[in-house]
Amino acid sequence: MPSSTDITPATDRRYWNEEAQTMPRDALRALQEERLREAVGRAYEGTGFFRRRFDAAGIRPDDVKTLDDLPRIPRFQKQALRENEAEHPPVGDYRVSGLRGAIRLAMSTGTTGRPTFSLWTRHDLALECELGARMQWRLGIRPGMIVANAHPGYLNGGQAFISALYESMGCLSISLGPPESVDAAETALRAIEHIPIDHWGLFPAALHRFREAAARLGYQGTLPEPEEIGPTYQYDRISAGQECVGFLGSACSPGRGSHLAEDYAIVEALDPATGAPVPDGQRGYFVITSLGRDNSMIRYDMEDVIRLESEPCDCGETSRRAFWEGRGKDIVEVQGRWVLPIDVWMEVPADAEFVLVRPASPADVLTVRIEGTPAGDLADRLTAAIGVPVVVEAVPDGTLPRSAYKAQRVVDE
Ligand SMILES: [Zn+2]
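Only a predicted model underlies this, so the values are computations on that prediction, with no experimental measurement involved.

Undergrad: Which parts of the structure should I look at to understand the overall build of the chain?
TA: Each helix and strand in the chain was counted, giving 10 helices and 19 strands. Against the 2.2 N^0.38 benchmark of 22 Å for 413 residues, the chain shows a C-alpha radius of gyration of 22 Å, consistent with a compact globule. In the chain, which comprises 413 residues, the proportion classed as buried is 50%. If you take every contact in the chain between residues at least 6 apart in sequence, the share linking residues at least 24 apart comes to 65%. As displayed, the chain has an accessible area near 19000 Å², and 51% of this comes from carbon and sulfur atoms. The averaged location of the 61 negative side-chain charges in the chain is 4 Å from the averaged location of its 45 positive side-chain charges.

Undergrad: Where do I start with the coordination of the zinc ion in this structure?
TA: For a metal bound by four donors in tetrahedral geometry, the ideal donor-metal-donor angle is 109.5 degrees, whereas six donors in octahedral geometry ideally sit at 90 or 180 degrees. Looking at the zinc ion, one finds its protein donor set to be Cys252 (SG), His259 (NE2), Cys313 (SG) and Cys315 (SG), positioned 2.1 to 2.3 Å from the metal centre. Each donor residue of the zinc ion lies on one chain, and together they are spaced C-x6-H-x53-C-x1-C. Residue cysteine 252 is located in the loop between strand S8 (249-251) and strand S9 (258-260), and its partner cysteine 313 is located in the loop between strand S12 (300-309) and strand S13 (321-327); the two are separated by 61 residues in the primary sequence. Overall, cysteine 252 belongs to the partly exposed group, its relative accessible area being 23%.

Undergrad: When you look at the environment of isoleucine 229 in this model, what are you seeing that I'm missing?
TA: Secondary-structure assignment places isoleucine 229 in the loop between helix H8 (204-217) and strand S7 (237-238). Taking C-alpha positions, isoleucine 229 is 23 Å from arginine 134, a pair spaced 95 residues apart along the chain.

How each quantity is defined
Residues numbered from 1 in each chain as written. Predicted model: local features only at pLDDT ≥ 70, side-chain atom pairs only at ≥ 80, totals over all residues. Heavy atoms only, no water. Helix = DSSP H or I, 4+ residues; strand = E, 2+ residues; numbered from the N terminus. Rg over C-alpha atoms; globule rule 2.2 N^0.38 Å. Buried < 20%, exposed > 50% of the residue type's maximum accessible area, 1.4 Å probe, protein only. Contact = heavy atoms within 4.5 Å. Areas by Shrake-Rupley, 256 points an atom, 1.4 Å probe, with all protein chains shown as cover. Lys, Arg positive; Asp, Glu negative; His and termini not counted. Charge placed at Lys NZ, Arg CZ, Asp CG, Glu CD. Donors = N, O, S within 2.8 Å, 3.2 Å for Na, K, Ca; no water.

Right under this line is the structure:
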């Protein structure tokens, strides 16, 4: 998680790309439709994956002319990419470029199921750098800054991806590597002890390791303070994965939702049952179509939950904002309502350890298990905030599952 110290803007330009980020809505829609037609045509002519899906749905590229035609195009999920890579080794046939047209390869993290390949062409990587620069600019990163990250490298590709972005912005990028061992953490800290780092890109678990190593070493350099990561943090950045649009958007100010790079992506929030768009402010499934790429994804269902906001933002950017509400697999359905961990997190201390209990069949009551001694009125507050009856079970400290990277907030029973 990036955390900022001593940022001195090298330039006071308001946006990274003013023309793109403040484009009038009607011009933006026209641009999206032009790029949608192009992406659909390329995918149909240039890939087996999309051509077969379009043919099966009885759609010709000429049928897709405007955003209103989008619902006719079938959606797909990550599992379809896994299967496609297995059926058409080595990297599947869902890309136009193929291996020889690409300049970089990485593996998706694959937290669930077999990892898939990410491939970037020169153009697609440059495009990610443009979109990433818009995100970083909103977060205060400026050319001339020194930025350190501890993202994993090699086949994971995260380190190379973030470094390409910072370098393209004119920043000095220092990749420390994940502090996987005491030696690794100490070697990294010794190297940077006298370097005035302006910005850190560290996940909390990595920062914790570095701080432990710093204490042992008597390290005299800087390290960020552990940041209290609250629930609305997840509203401030949004990604559709390295394989689609890694740097999709960020918030102009905390909690406002992430401005989407809509000139290069169409983002939908859909009712999973009907496939229809849900109104602004309501939760729906996050479906994305990437635009302007050599290798586009057409209606990729991220299996995540978002809500969209179309009201103009007073920062001057014209794009819609997205609020990332959580993973679809973390939905607990209570009385037909979707409850997600963030709903509980909003009502408890930021560092509280809690889980939502998901029974085998949908229940009329939500059970929340929380460590320590929760406030006496917590059940009432949760019931009022979420709109379904909530039962709170207090458990001793250290009882709930811990994860080094992403918290596990739902348990199935
Ligand atoms: Zn804004």
